2 protein chains.
Amino acid sequence: MDMDANGRGPIWDMIAGRVPPAPAAATLGWELIAVDPEQGTLEVAFEAGERFTNPMGVVQGGFLAAMLDDTMGPALVATLPAGQFAPTLDLHVQFLRPAGPGRFVGRGRVVRRGREVCFLAGELTGPDGRLVATATATAIIRTVRP
Amino acid sequence: MDMDANGRGPIWDMIAGRVPPAPAAATLGWELIAVDPEQGTLEVAFEAGERFTNPMGVVQGGFLAAMLDDTMGPALVATLPAGQFAPTLDLHVQFLRPAGPGRFVGRGRVVRRGREVCFLAGELTGPDGRLVATATATAIIRTVRP
């Protein structure tokens, strides 16, 4: 595991236990596996319960999209100083195969980190370890007004 | 409200109260407002609770994506006979502005319904009635194996 609990910013506060996970992250069962701000990469596990399933009994695609958003976003946020955040502007997800509920793993990376505009990519594997969805996103760095 | 509870298929079973909403729909507070299979349109309300919010206190983009997926998918499913379903292959969401928790309304439409491949579009308004996100999706019609 590659992380530095002495970092600053929302992700680092969460890693260090200074703040609880955001509600959306908690709802998705977000659990950090690894983060490397130098490389711009982050790996996170999710727990997809029955409550995320569609009428076919598989996890609804929108919740896979939510997991991917909560993988790519934090990969970028981990590179930011305290006082900055990075809302997602645009999210594109391809659903490769269906997957039932269970533990998912997301891997996100910052493809290009501009001064403001950032390009992100991510992938999500399902409970059996197979790739279920891939995504790209565009985000913009903003400063939190005091 | 334009709907026909004598229709057949998953959406119609739900409208007629023959089956409960899918777990993912229930999690999102999915509530049908109107559906018109002839026009390929559907309107649905969602209840986004605090549990969908990110560290900035607004609804995490991924959950907006989940709502849009659960707007466009049912717009298509409403046009299908019993025994068919239509998994989403591809989802693209643009996040126009942030929105806090509350009632959201999704409007979805079938842009082109092929024999197999279908193109969908949707938009989502937030608690203040302003447009918060738009989306397009590609889905494919499949027959449920008996």
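All values reported here derive from a predicted model rather than from experimental measurement.

About the thresholds
Residues numbered from 1 in each chain as written. Chains lettered and ligands numbered in written order. Predicted model: local features only at pLDDT ≥ 70, side-chain atom pairs only at ≥ 80, totals over all residues. Heavy atoms only, no water. Pairing = 2+ DSSP bridges. Helix = DSSP H or I, 4+ residues; strand = E, 2+ residues; numbered from the N terminus. Phe/Tyr/Trp six-rings, centres within 6.5 Å; stacked < 30°, edge-to-face > 60°. Buried < 20%, exposed > 50% of the residue type's maximum accessible area, 1.4 Å probe, protein only. Contact = heavy atoms within 4.5 Å. Buried area = accessible area lost by both parts, 1.4 Å probe. Salt bridge = Lys/Arg side-chain N within 4 Å of Asp/Glu carboxyl O. Polar contact = N/O pair within 3.5 Å; in protein donor to acceptor, adjacent residues only side chain to side chain. Nonpolar A, V, L, I, M, F, W, Y, C, P; charged D, E, K, R; others polar. Expected span 1.5 Å × (residues − 1). Axes fitted to C-alpha atoms, helices over the stretch in contact; angles between N-to-C directions.

Q: What's the story with the pairing of strand β5 (residues 102-113) of chain A in this structure? I'm lost.
A: Residue and element names in this part refer to chain A. Sheet analysis places strand β2 (residues 41-48) next to β5, joined by 8 bridges and oriented antiparallel. When the bridges of β5 are listed, alanine 48 appears paired with glycine 102. As paired elements, β5 and strand β6 (residues 117-125) share 8 bridges and run antiparallel to each other. In the strand pairing of β6, arginine 109 is matched with alanine 121. Between the antiparallel neighbours β5 and β6 lie 3 residues.

Q: Just checking my understanding: could you explain the packing of aromatic side chains for this structure?
A: The way to describe two aromatic rings as a pair is by their centre distance and the angle between their planes. A complete count under the given rule lists 3 aromatic pairs over all chains for this structure. Ring centres of phenylalanine 63 of chain A and phenylalanine 63 of chain B lie 6.0 Å apart, and the angle between their planes is 85°; this geometry places the pair in the edge-to-face category. Of this pair, phenylalanine 63 of chain A sits in helix α3 (residues 61-77) while phenylalanine 63 of chain B sits in helix α3 (residues 61-77), on two different chains. Residues phenylalanine 63 of chain A and phenylalanine 63 of chain B agree in their burial class; the two are buried. An angle of 15° between the planes, with centres 4.4 Å apart, marks the rings of phenylalanine 52 of chain B and phenylalanine 63 of chain B as stacked. Linking phenylalanine 52 of chain B in the loop between β2 (41-48) and α3 with phenylalanine 63 of chain B in helix α3, this pair joins segments that are 11 residues apart in sequence. You can call phenylalanine 52 of chain B buried: its relative accessible area is 0%. On the accessibility criterion, phenylalanine 63 of chain B (0% relative accessible area) is buried. Through successive ring pairs, a cluster of aromatic residues spans Phe52 and Phe63 of chain A together with Phe52 and Phe63 of chain B.

Q: Mind showing me how you'd approach the interface of chain A and chain B here?
A: Much of the literature gives interface size as the accessible area that the parts lose upon coming together. With 30 residues of chain A at the interface, the matching set in chain B holds 30 residues. Carbon and sulfur atoms make up 63% of the area that chain A and chain B hide from each other, which totals about 2300 Å². Taken as a group, Met56, Leu91 and Phe95 of chain A account for 20% of the area that chain A buries against chain B, more than any other trio of residues on that side. Across the contact surface, chain A and chain B share 0 salt bridges. Where chain A touches chain B, the interface holds 17 residue pairs in polar contact (both at pLDDT 80 or more). It is strand β4 (residues 88-95) of chain A that contributes the most residues to the side of chain A that touches chain B, 8 residues altogether. Each residue belonging to the side of chain A that touches chain B can be placed in one class, and the counts come to 16 nonpolar, 9 polar and 5 charged.

Q: It is not clear to me how α3 of chain B should be interpreted in this structure. Could you clarify?
A: Each full turn of the α-helix corresponds to 3.6 residues, which orients residues three or four apart in the same direction. All names here are of chain B. Helix length check: α3 (17 residues) gives 24 Å between terminal C-alpha atoms against 24 Å at 1.5 Å per residue, within 8%. For α3, a buried count of 17 out of 17 residues is recorded, marking the element as mostly surrounded by other parts of the structure. With a side-chain oxygen lying 3.0 Å from the backbone nitrogen of glycine 62, the N-terminal cap of α3 falls on glutamine 60.

Q: When you look at the sheet that holds β6 of chain A in this model, what are you seeing that I'm missing?
A: Ordered in space as β1(A)-β2(A)-β5(A)-β6(A)-β7(A)-β4(A)-β4(B)-β7(B)-β6(B)-β5(B)-β2(B)-β1(B), the 12 strands form an open sheet in which the pairing is antiparallel. Each end of this open sheet is capped by a strand with a single partner; those strands are β1 (31-36) of chain A together with β1 (31-36) of chain B. On average, adjacent strands in this sheet sit at an angle of 15° to one another, irrespective of strand direction. As paired elements, β6 of chain A and strand β7 (residues 131-140) of chain A share 9 bridges and run antiparallel to each other. Within the sheet, the bridge partner assigned to glycine 122 of chain A lies in β7 of chain A and is alanine 135 of chain A. Across the sheet, α3 of chain A touches β2, β4, β5, β6 and β7 of chain A together with β4 (88-95) of chain B, and the angle it forms with β6 of chain A is around 130°. The sheet contacts of α3 of chain B involve β4 of chain A together with β2, β4, β5 (102-113), β6 (117-125) and β7 (131-140) of chain B, and relative to β6 of chain B the element is tilted by about 130°.

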